[in-house]
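# Commentary on secondary and tertiary structure
Single-letter residue listing:
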4 protein chains.
Amino acid sequence: MTDTDARAAGFESAEHQARLAELYRDFEAAGMTPLWRTREGLMPFHPEPKAVPHVWHWADLLPLAARSAELVPVGRGGERRAISLGNPGLPGDPYTTPTLWAAIQYLAPGEDAPEHRHSQSAFRFVLQGEGVWTVVDGDPVAMRRGDLLLTPGWAFHGHQNVSDTPMAWLDGLDIPLVAETDQGFFEFGPGQVRTKSTPERSYSERLWGQPGLTPVALAGTRPASPLMAYRWAHTDAALAAQLELEDDGIPGVTEPGHAAVRYTNPTSGADALTTMRTEFHRLRAGAGTRATRTSASSVWQVFDGTGSVLLDNSKRSVQRGDVIAVPAWTQFSWQAAGQLDVFTFSDAPVFEKLSLLRTEMAG
Amino acid sequence: MTDTDARAAGFESAEHQARLAELYRDFEAAGMTPLWRTREGLMPFHPEPKAVPHVWHWADLLPLAARSAELVPVGRGGERRAISLGNPGLPGDPYTTPTLWAAIQYLAPGEDAPEHRHSQSAFRFVLQGEGVWTVVDGDPVAMRRGDLLLTPGWAFHGHQNVSDTPMAWLDGLDIPLVAETDQGFFEFGPGQVRTKSTPERSYSERLWGQPGLTPVALAGTRPASPLMAYRWAHTDAALAAQLELEDDGIPGVTEPGHAAVRYTNPTSGADALTTMRTEFHRLRAGAGTRATRTSASSVWQVFDGTGSVLLDNSKRSVQRGDVIAVPAWTQFSWQAAGQLDVFTFSDAPVFEKLSLLRTEMAG
Amino acid sequence: MTDTDARAAGFESAEHQARLAELYRDFEAAGMTPLWRTREGLMPFHPEPKAVPHVWHWADLLPLAARSAELVPVGRGGERRAISLGNPGLPGDPYTTPTLWAAIQYLAPGEDAPEHRHSQSAFRFVLQGEGVWTVVDGDPVAMRRGDLLLTPGWAFHGHQNVSDTPMAWLDGLDIPLVAETDQGFFEFGPGQVRTKSTPERSYSERLWGQPGLTPVALAGTRPASPLMAYRWAHTDAALAAQLELEDDGIPGVTEPGHAAVRYTNPTSGADALTTMRTEFHRLRAGAGTRATRTSASSVWQVFDGTGSVLLDNSKRSVQRGDVIAVPAWTQFSWQAAGQLDVFTFSDAPVFEKLSLLRTEMAG
Amino acid sequence: MTDTDARAAGFESAEHQARLAELYRDFEAAGMTPLWRTREGLMPFHPEPKAVPHVWHWADLLPLAARSAELVPVGRGGERRAISLGNPGLPGDPYTTPTLWAAIQYLAPGEDAPEHRHSQSAFRFVLQGEGVWTVVDGDPVAMRRGDLLLTPGWAFHGHQNVSDTPMAWLDGLDIPLVAETDQGFFEFGPGQVRTKSTPERSYSERLWGQPGLTPVALAGTRPASPLMAYRWAHTDAALAAQLELEDDGIPGVTEPGHAAVRYTNPTSGADALTTMRTEFHRLRAGAGTRATRTSASSVWQVFDGTGSVLLDNSKRSVQRGDVIAVPAWTQFSWQAAGQLDVFTFSDAPVFEKLSLLRTEMAG
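Our subject in this report is the structure included herewith. (Residues numbered from 1 in each chain as written. Chains lettered and ligands numbered in written order. Predicted model: local features only at pLDDT ≥ 70, side-chain atom pairs only at ≥ 80, totals over all residues. Heavy atoms only, no water.)

### Here we look at the relation of the copies chain B and chain C
Superposing chain B onto chain C requires a rotation of 180° together with a translation of 0.0 Å along the rotation axis, leaving an RMSD of 0.0 Å. Such values leave the two copies arranged in the relation of a two-fold axis. A high fraction, 100%, of the interface residues of chain B reappear at the interface in chain C, so the copies pair face to face through one surface. (Least-squares fit on C-alpha atoms with pLDDT ≥ 70 in both. Contact = heavy atoms within 4.5 Å.)

Have a look at this one:
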């Protein structure tokens, strides 16, 4: 009970209580809600997410996705064989956090996911396999283990598996943010991806994939990255270099034994996508990260190695492929058993742009 | 039924149906949701808000607020005698739109609303009355008819009515956006506002209130405006000037007979608050606005005059004090009977910063 | 002699000397210059301007300008009866500093300076008098004591004296910067200013002159300010407020007893002009400024009061109307006798944008 | 004679002439210059540079530089064995254009150019040879044919030739801009470069050299690029890709047969250096560029191939190593004989930031 209520309660006469009850009925009839009865829930002292920390095991996700491939075709309308990971704290909504949507997508040999576009930003991160090309605005982009592939908002895209093995990957989108704030637009494209071409490197990589080099004809800032693929070989090399340089005393790592790269938009240096931050982290064997909490929510996937996460004092062991949801203001840290490689995405850019983001290191 | 479902339905054997049902049960157990069964709802072709267009009449709001003053004191815990206008399409949530919270706040003679601060941005817009000073980070700011008063995120603020008449005004905050995305921080300040001083002009106006003049010692961009009060006399003069200049053939009005000013941050020229756009519009007698729809949601309050709004083909007459909620993608226009003055706020800056905002003129 | 030369000198044989002399002749023939013979001059340890600190007295400038009005008409070709103040350290060039051009401009009763436009940015600052309207892109802007009037690059402008008394003012332009870097474009406009209208307030003031209010139809960042006039009444009020607030313990002054405002572009919060910073400073009677030096060069004009400047240890008394040139890296401070009001402009924005600006407080 | 002068000349009496002569003498004594006598020169209709288009032949430059190595040691004071290319239109100043300084620098086997730093931005572009490491803030950066190496303003740097052959390259700096505007600061560092290490890749390349990947610990915008080396293999691949994609109908080239990349700062997408634009252009055999003129001045060096430049209607044949100065507003185009590779730098970012840059295509 708030002080206000307490004081109100001082008006203890039956008449007062009756008038108050009548007032609240009238408020309700008018669709009005007194702040004094809702302030604590609406405006907590710090974020109190309904979403909960959660771990999904790839070993559970993959067989379910595979079963769906036997039973449900991919096609226009449903659009994708993607199955989202719903946060247990958000029942009824297929949301991984209040702003982020993570899913496993599965494409069987020879399958083709039709083209569409939407205001939602999207990416694919590949844990394993290859053989799928995603076609982004006509540009065929190979998908292989360790790669991050972008689909910025309103870019047409479809996927096709040209190999004879199935392929599954992690999809990340800002679907909850866009849905809950009514910003969604969607449009169908061709039912089949518009090119069967399967080049080693996409056009976007050939134009934008040399470090620090911008095609003069395409210069100028864009909201999202024009580079559609961030290849594993580059990510791996960048992480390895940070750790080697740490040995030489050259600054680069995020903290001792902890290398990290952010996928960025070469036209601005900002995050590769407008609403989501994407990063890859590597911990040396035995290293740990300092516990932090941030008002951003995030999703992590173990790419390689084993270790554990501490989520508000609950320790969870994780291994290759496991997906972890970290709601806002959850105290969070990593501990590596062997070398540990982890991909992550979050909604941090949204709240940075709105001057709302807060991050705090544990004492 | 989607094509995908249709094709799936082609698998018509009882065994297939049984296996599919089992798969969906297993998905549910795992907290997983197939996109093909939710795509239409999650990713509509254009925004399909649950929020509905709605009009509240000041004549209804004010007496309810006044009644609450007789029955409920203002104090620590409840913090404010503010009653929010809940959108009928969002039952259970005291939200005016999915991102915006509008309320009537009421302070009786001699009352004092305690100081607090929060990450939510806030403003007050004064339809009528005077006698209250809001104290923002120690700066006493008079509130009078037609004024817009800011409380940027994390600024301490309290209110006190030093007059012998009650005062009511419109409060606008980004409470829903902050609450639903878990960005809220809140802190109590002094139980009484920290100064009883009631100057004509606040410090912020004396420092920042001369057009185009920046104190050298305070130069540099800030996320929100350092000017806490936008006075009616200035707003009125700016609107009048636009219409006079229209008569002289000088560009300035938004469209024929329609003057409009945006409240801006003098350190950047951007919106005065980080998450909300605030504007004041004036229509000449008989003038109308072109119908538009935008992915921003907005709230409007008639300041003076009479007229009507067209909300997706539903015409509503409005008068002084009436508050209108306009969800995203609602086709919307104004028609003035006499000269019509309207205040409005929206979530447009959020979606501009995220490259999501879309606006469309009617044909 | 540099170490390099010293070591070279070690090669003391006559043959070596002869070969070296021949090499230098060959360099000269090829238009080549060895850095080792020019490094000290080209790349000094700190700025070593050729321009020198200098003071011009208004009492000298005004009669000369007045005499020219008797002898030289204003018209197309010469364009303006403006006489620039050439820095004694830059003989041959009519430049006040290496980047700035300051002049006294004089317009006799009934005279009309023809319209033109140029890439150079310009302003007028009015020490005394009134009766002239400058017409900027068709907008008639009154000029009166204490006002700053802008002419952003490439805006057409002319001046007319509609009164029966002559008027003189200070012109400031970036002519040297633009000339020496070959950025100048120039175009004639009408031989007579395009409107004889003499309104109290210009269109630009009516559209942009309310603090923090932006016409919605004109929103968006512009390189230079859309507000063409910054009126003395506002400047005076802003300075007075800073000093009053200082008495109340509210931050605002630049240093004790020293109020200062910068003229800014309301669409961005940046300097009103793209290449020049314009400010007005007020010192309480008896107050002084801390000695500073900066790599920007500046020009100052005493608007009112008396006092002195310290220019690299040389103290100069100044009074109303006196103009002071302060080259880069000159140690500089003010001392007020009575209350002292001073206008200034500098090239600081150029070097801020290029990450070259340095400023240093005296120990 | 201007109209003004013409009208003045109407005052033909001897007395008038005498008084005018006296006025001009008094102006001169006061250091004042009438605009009406200087306007045409100060404010031309379009840029009229004193600098002239000019071509230097590498075949002339290299032997001169080599001769100097026999006669002049490298060391503290002279600092560098760099010989600048002075524009014939700017006699007395060792400037290639009014803002740019281009030089050939030469380091003999075993030589060591001492460390220093300065506010001037610098780069090295390598036409031929290898064996030198430039050490930038302690980071040893190999220099090889086709590479662009940066030395942003105020970074300590020295060079050492660890090979047994001499090496020469093109130095580019903004010395004239900085010198003429008094922005220069300079500081000596160690007399010997601080590390003898000669790694294949510099620290900066290992941290920043993966496309689109930013070390999380180093994120944030910086004025200049943190990547010190742009390797030829990447430049070559980017140019080749643009031409291949042109064959496939994918946009990327600047104009038909003309590929071009800009060296950019990965933290911002802007030019790699704050005051100079650096680019590499490739023309297919037989291709030509459309004639343009711009208010930027530029310097070009032929990296490979042969062709010709048209400089205001004067055609000059150029070949490998030749250096061309292109003053502002010179009409300029390239014509390739065989495939032509050209490096260029200009002052365009300066004037872009100041909203002064103009570029015009020939009709």
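### Description of the relation of the copies chain A and chain B
You can overlay chain A on chain B at an RMSD of 0.0 Å; the transform is a turn of 180° with a shift of 0.0 Å along its axis. The fraction of interface residues of chain A whose copies in chain B are also interface residues reaches 100%, indicating that both copies meet through the same surface.

### Structural notes on the pairing of strand S15 (residues 258-263) of chain D
Residue and element names in this part refer to chain D. Within S15, 6 of the 6 residues are buried, leaving the element largely enclosed by the surrounding structure. Of the two faces of S15, both are covered, the one formed by His-258, Ala-260 and Arg-262 as well as the one formed by Ala-259, Val-261 and Tyr-263. As paired strands, S15 and strand S16 (residues 277-283) are joined by 5 bridges and run antiparallel to one another. In the strand pairing of S16, His-258 is matched with Leu-283. (Buried < 20%, exposed > 50% of the residue type's maximum accessible area, 1.4 Å probe, protein only. Helix = DSSP H or I, 4+ residues; strand = E, 2+ residues; numbered from the N terminus. Pairing = 2+ DSSP bridges.)

### With respect to the environment of B:His157
Residue and element names in this part refer to chain B. Among the secondary structure elements, His-157 is positioned in strand S10 (residues 157-161). Of the residues examined, His-157 reaches a relative accessible area of 1% and is grouped as buried. Spatially, the C-alpha atoms of His-157 and Val-135 are 5.3 Å apart, while their sequence positions differ by 22 residues.

### Some thoughts on a negative patch on the surface
Taken together, A:Asp93, A:Glu180, B:Asp93 and B:Glu180 make up a surface patch of like negative charges. You can see B:Asp93 is positioned in the loop between strand S3 (82-85) and strand S4 (101-107). B:Asp93 gets classed as partly exposed once you look at its relative accessible area, which sits at 35%. (Patch = residues over 30% accessible without salt bridge, like charges linked within 9 Å, V, L, I, M, F, W, Y side chains within 5 Å. Areas by Shrake-Rupley, 256 points an atom, 1.4 Å probe, with all protein chains shown as cover. Salt bridge = Lys/Arg side-chain N within 4 Å of Asp/Glu carboxyl O. Lys, Arg positive; Asp, Glu negative; His and termini not counted. Charge placed at Lys NZ, Arg CZ, Asp CG, Glu CD.)

### Things to note about the packing of helix H4 (residues 58-71) of chain A against helix H2 (residues 14-29) of chain B
Contact geometry for H4(A) and H2(B): axes closest at 10 Å, N-to-C directions at 150°. In this view, H4(A) runs roughly antiparallel relative to H2(B), as classed from their interaxial angle. In this structure, H4(A) crosses over H2(B), and the sense of that crossing is left-handed. Only B:His16, B:Arg19, B:Leu20, B:Glu22, B:Leu23, B:Asp26 and B:Phe27 of H2(B) make contact with H4(A), whose side of the interface consists of A:Leu64, A:Arg67, A:Ser68, A:Glu70 and A:Leu71. Partitioned by chemical class, the residues of the contact of H4(A) with H2(B) number 5 nonpolar, 2 polar and 5 charged. (Axes fitted to C-alpha atoms, helices over the stretch in contact; angles between N-to-C directions. Parallel < 35°, antiparallel > 145°, perpendicular 65-115°, else oblique. Left-handed = near helix turned anticlockwise from the far one by under 90°. Nonpolar A, V, L, I, M, F, W, Y, C, P; charged D, E, K, R; others polar.)

### Here's the deal with the sheet that holds strand S1 (residues 32-34) of chain B
Pairing is antiparallel in the open sheet, where 7 strands are placed in the order S14(A)-S9(A)-S6(A)-S11(A)-S4(A)-S3(A)-S1(B). Edge positions in the open sheet fall to strand S14 (229-230) of chain A together with S1 of chain B, since each of these has one partner strand only. Summarising the sheet, strand S6 (residues 122-125) of chain A and strand S9 (residues 148-151) of chain A pair through 4 bridges and their orientation is antiparallel. Bridge assignment links A:Phe125 to a residue of S9(A), and that residue is A:Leu148. Here H4(A) sits on the sheet in contact with strand S3 (82-85), strand S4 (101-107) and strand S11 (167-173) of chain A together with S1 of chain B, set at roughly 50° to S4(A).

### Brief notes about the interface of chain B and chain C
Between chain B and chain C, the residue contacts involve 40 residues of the former and 40 residues of the latter. In total, chain B and chain C occlude about 3300 Å² of area from one another, counting both sides; carbon and sulfur atoms represent 65% of this. Where chain B packs against chain C, one counts 2 salt bridges. The closest approach of N and O atoms between C:Glu244 and B:Arg206, which form a salt bridge, is 2.6 Å. On inspection of chain B and its partner chain C, the count reaches 10 residue pairs in polar contact (both at pLDDT 80 or more). Of all the secondary-structure elements, those providing two or more residues to the side of chain B that touches chain C are helix H6 (203-208), strand S13 (213-215), helix H7 (232-247) and strand S15 (258-263) of chain B. No other element matches the 8 residues that H7(B) contributes to the side of chain B that touches chain C. Residue classes in the side of chain B that touches chain C are distributed as 22 nonpolar, 13 polar and 5 charged. When S13(B) meets strand S15 (residues 258-263) of chain C, the two strands line up antiparallel, connected through 3 bridges. Of the residues in S15(C), the one forming a bridge with B:Pro215 is C:Val261. (Buried area = accessible area lost by both parts, 1.4 Å probe. Polar contact = N/O pair within 3.5 Å; in protein donor to acceptor, adjacent residues only side chain to side chain.)

### A word on the interface of chain A and chain B
Interface extent is often summarised as the accessible area lost during association of the parts. Facing the 90 residues of chain A at the interface are 90 residues of chain B. Contact with chain B buries surface across chain A, with A:Leu71, A:Asp182 and A:Phe185 losing the most and accounting together for 9% of the total. There are 4 salt bridges connecting chain A and chain B. Residue A:Glu70 pairs with B:Arg19 through a salt bridge whose shortest N-O separation is 2.5 Å. Inspection of the region where chain A meets chain B yields 20 residue pairs in polar contact (both at pLDDT 80 or more). By residue number, the principal contributor to the side of chain A that touches chain B is helix H2 (residues 14-30) of chain A, which donates 9 residues. Grouping the amino acids of the side of chain A that touches chain B by side-chain chemistry returns 50 nonpolar, 23 polar and 17 charged. The sheet contact formed by S3(A) and S1(B) spans 3 bridges and is antiparallel. Each residue of the ladder has a partner; that of A:Leu85, found in S1(B), is B:Met32.

Purely geometric numbers; function is a separate question.
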